[in-house]
Amino acid sequence: MKTIEDEDVLRGFGQRLRDELEETTRRIEDSKDHRAPVELDQQSVGRLSRMDSIQQQAMAQDITRRRQQRTIAIERALSRIRAGEYGYCADCGEPILVRRLEVDPTFERCVRCAP
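Let me sum up the structure you'll find in this document. (Residues numbered from 1 in each chain as written. Predicted model: local features only at pLDDT ≥ 70, side-chain atom pairs only at ≥ 80, totals over all residues. Heavy atoms only, no water.)

**Here's the deal with the overall build of the protein chain**
Filter applied, for reference: Runs of H or I in DSSP of at least four residues are treated as helices and runs of E of at least two as strands, each being numbered from the N terminus. Under the scheme applied here, a residue whose accessible area is under 20% of the maximum for its type counts as buried, over 50% as exposed, and between as partly exposed, the area being computed with a 1.4 Å probe on protein chains only. Only heavy atoms matter for contacts: two residues are in contact if any of them lie within 4.5 Å across the pair. Areas reported as accessible are Shrake-Rupley estimates using a 1.4 Å probe. Residue values count occlusion only from the protein chains shown.
Broken down by element type, the protein chain carries 3 helices and 0 strands. For the protein chain, the sequential pattern of α-helices and β-strands runs α-α-α. For the protein chain, with 115 residues in total, the buried portion stands at 27%. Looking at the protein chain alone, contacts between residues at least 24 apart form 56% of all its contacts between residues at least 6 apart. On the protein chain, roughly 8,200 Å² of surface is accessible, and the fraction owed to carbon and sulfur atoms is 50%.

Structure representation (structure tokens):
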């Protein structure tokens, strides 16, 4: 059974987190144009098109907000790896099951302590 004390397991999670951080950061940057203010020039765009543009902008801003939150969670997990605290519950200190971390490597709590 794999445990978080296994160096290969820990290295694998570290690489997975770095890859996801790079991808998430790239996606935030790529979506910059979709979050730009919507032009309200009534001569060139109809009312429904403007409403659609505003809705798309709001969705892009929400997606970016979620990506930024994910970036913070990833950076926290990488910080815990550097500190030697990764894979241990932030509340009780017990090891978090590798299977749980495989679902989401940013989890900070074991199943018993998770909200």
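**Section: the pattern of salt bridges**
A side chain of one charge can pair with a side chain of the opposite charge when the charged atoms of the two come close. Where we set the bar: Salt bridges are counted wherever a side-chain nitrogen of Lys or Arg sits within 4 Å of a carboxyl oxygen of Asp or Glu.
As enumerated under the stated definition, the model contains 13 salt bridges in all. Here Asp8 ties to Arg11 by a salt bridge, and the two come within 2.5 Å at their closest N and O atoms. Separated by 3 residues within a single helix, Asp8 and Arg11 lie in helix 1 (residues 7-30), roughly one turn from each other. Across the pair Arg27 and Glu23 runs a salt bridge, and its minimum N-O distance is 2.8 Å. Taken together, the residues Arg27 and Glu23, both in helix 1 and 4 residues apart, mark about one turn of the helix.

**As for the side chain of Arg80**
Mapping Arg80 onto the fold places it in helix 2 (residues 47-83). The exposure class assigned to Arg80 is buried, which follows from its relative accessible area of 12%. Excluding its chain neighbours within four sequence positions, the residues that come into contact with Arg80 are Glu85, Tyr86, Pro105, Thr106, Phe107 and Glu108.

**A closer look at the packing of aromatic side chains**
The description of an aromatic ring pair rests on the distance of the ring centres and on the angle between the ring planes. The cut-off we apply is this: Pairing of aromatic side chains here covers Phe, Tyr and the six-membered ring of Trp, requires ring centres within 6.5 Å, and sorts the geometry by plane angle: under 30 degrees stacked, over 60 edge-to-face, intermediate tilted.
Applying the stated rule across the entire model yields 1 aromatic pair. Seen from their ring centres, Phe13 and Tyr86 are 5.9 Å apart, and the 50 degrees between their planes marks the pair as tilted. One end of the pair, Phe13, is in helix 1; the other, Tyr86, is in the loop between helix 2 and helix 3 (98-103), with 73 residues separating them in the sequence. Taken individually, Phe13 and Tyr86 each receive the classification buried, so the pair is uniform in this respect.

**Digging into the side chain of Thr106**
Formally: Identification of polar contacts relies on pairs of N or O atoms within 3.5 Å, with a donor-acceptor requirement for protein atoms, meaning one able to donate a hydrogen and the other able to accept it, and with residues adjacent in sequence counted only if both atoms are side-chain atoms.
Relative to the helices and strands, Thr106 resides in the segment after helix 3. A polar contact of 3.1 Å, which involves the side chain of Thr106, links it to the side chain of Arg70. If near-sequence neighbours (up to four positions away) are discounted, Thr106 is found in contact with Leu17, Arg70, Ala73, Ile74, Ala77 and Arg80.

**Things to note about the nonpolar core**
For clarity, the threshold we go by: To form a nonpolar core, buried Ala, Val, Leu, Ile, Met, Phe, Trp, Tyr and Cys residues must be joined to one another through side-chain atoms within 4.5 Å.
In this structure, Ile4, Phe13, Leu17, Tyr86 and Leu101 are the most contacted members of the largest nonpolar core, which totals 15 residues. Per element, the largest residue contribution to this core is 5 residues, and it comes from helix 1. Excluding anything up to four places from it in sequence, Tyr86 contacts Ile4, Leu10, Phe13, Leu17, Ala77, Arg80, Ile81, Leu101 and Pro105.

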